[in-house]
Every structure is written in structure tokens, then in C-alpha cells.
Amino acid sequence: VLVGITCTNEMEVIDRAEENSIDYISFCSMFPSSTSNSCEWVDHASVHRARERFSGLIFLAGGITPEKLPQLQTLPYDGIAVVSGIMSSDSPSEAARIFNQKVKEHEN
């Protein structure tokens, strides 16, 4: 069982996640999104600061589309949530294929 927490720009939450051995944190929202409209936008500097403070996995979520993936290239993340990027597509299977391709490019 993995335990995680969704967070924003508050480093206190990141510190508490580390202190309590939380498995992962998920930042919401990286971009405007119809599915994560209750989250504040995450500053990219917050993701970098979190990597310095948190030893678990880091996930990014909120408004991530294949076109926006290049804007995340410099961020230290372990995975992404792509709900709106796939569900809002005219071809969800094609969107998933493109995401997989782009993520593999990021890993290399």
C-alpha cells in the first residue's frame, strides 16, 4: 500500500510528508484544468524545493497535456497524472500513446 498526499506550494506540507514517511506527494495543479479546479497553481520552484526536502516519489497533476509536457522537462518528477489530457481528447487512445512517447523522451 502506498500513502500519498496532494500538495501545493506549501513547504510545511512537504516537510510533514517527509517526517511521516509518506510514500509520495502529488502537486496540483501544474496548469489550469477542468478536473482539478480547486487546486492552486504550483510554482515550478516549489517542485524543485520539494525534491530537496522530500525523499519519496513526486507526481505532477492538473491540466497536463502532451503540448505542455515540454514545460515540465526541467522538473524533478517521477510520474504525472493526465486525466484531462486524455479525457478531453477526441481520441483518448491516441492521446495516451502520445503521452507515453513524450514521457519516455523525458526519461532519456
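Now for a look at the structure at hand. Bear in mind the structure is a predicted one, so any value in this text is a computation, not a measurement.

## Here we look at the overall build of the chain
When helices and strands are counted, the chain shows four helices and four strands. Ordering the α and β elements of the chain from the N terminus gives β-α-β-α-β-β-α-α. Here the C-alpha atoms of the chain give a radius of gyration of 14 Å, agreeing with the 13 Å that 2.2 N^0.38 yields for 108 residues. On the principal axes, the C-alpha backbone points of the chain span a range of 40 × 30 × 30 Å. Across the 108 residues of the chain, 36% fall into the buried class. Sequence-distant contacts in the chain: of pairs separated by 6 or more residues, those separated by 24 or more amount to 50%.

## Digging into the pairing of strand E2 (residues 24–28)
The buried count for E2 comes to four of five residues, which makes it a mostly enclosed element. Alignment of strand E1 (residues 4–7) against E2, held across four bridges, turns out to be parallel. Considered in E2, the bridge of Thr-6 is made with Ser-26. Read from E1 through helix H1 (residues 11–19) to E2, the crossover connection turns out right-handed. Examined bridge by bridge, E2 and strand E3 (residues 57–61) share five bridges and lie parallel to one another. Looking at the pairing, Ser-26 lines up with Phe-59 of E3.

## Some remarks on the side chain of Ser-29
Here Ser-29 lies in the loop between E2 and helix H2 (44–53). A distance of 2.5 Å separates a polar side-chain atom of Ser-29 from the backbone oxygen of Phe-31.

## Thoughts on the packing of H1 against H2
Remark: H1 packs on H2, axes separated minimally by 10 Å, with the N-to-C direction vectors making an angle of 25°. By the angle between their axes, H1 is roughly parallel relative to H2. Crossing angle aside, the handedness with which H1 passes H2 is right-handed. Here Met-11, Ile-14, Asp-15 and Glu-18 of H1 come into contact with H2, specifically with Ser-46, Arg-49, Ala-50 and Arg-53.

What counts and what doesn't
- Residues numbered from 1 in each chain as written.
- Predicted model: local features only at pLDDT ≥ 70, side-chain atom pairs only at ≥ 80, totals over all residues.
- Heavy atoms only, no water.
- Helix = DSSP H or I, 4+ residues; strand = E, 2+ residues; numbered from the N terminus.
- Rg over C-alpha atoms; globule rule 2.2 N^0.38 Å.
- Buried < 20%, exposed > 50% of the residue type's maximum accessible area, 1.4 Å probe, protein only.
- Contact = heavy atoms within 4.5 Å.
- Pairing = 2+ DSSP bridges.
- Right-handed = clockwise from strand over helix to strand, strands pointing away.
- Polar contact = N/O pair within 3.5 Å; in protein donor to acceptor, adjacent residues only side chain to side chain.
- Axes fitted to C-alpha atoms, helices over the stretch in contact; angles between N-to-C directions.
- Parallel < 35°, antiparallel > 145°, perpendicular 65-115°, else oblique.
- Left-handed = near helix turned anticlockwise from the far one by under 90°.

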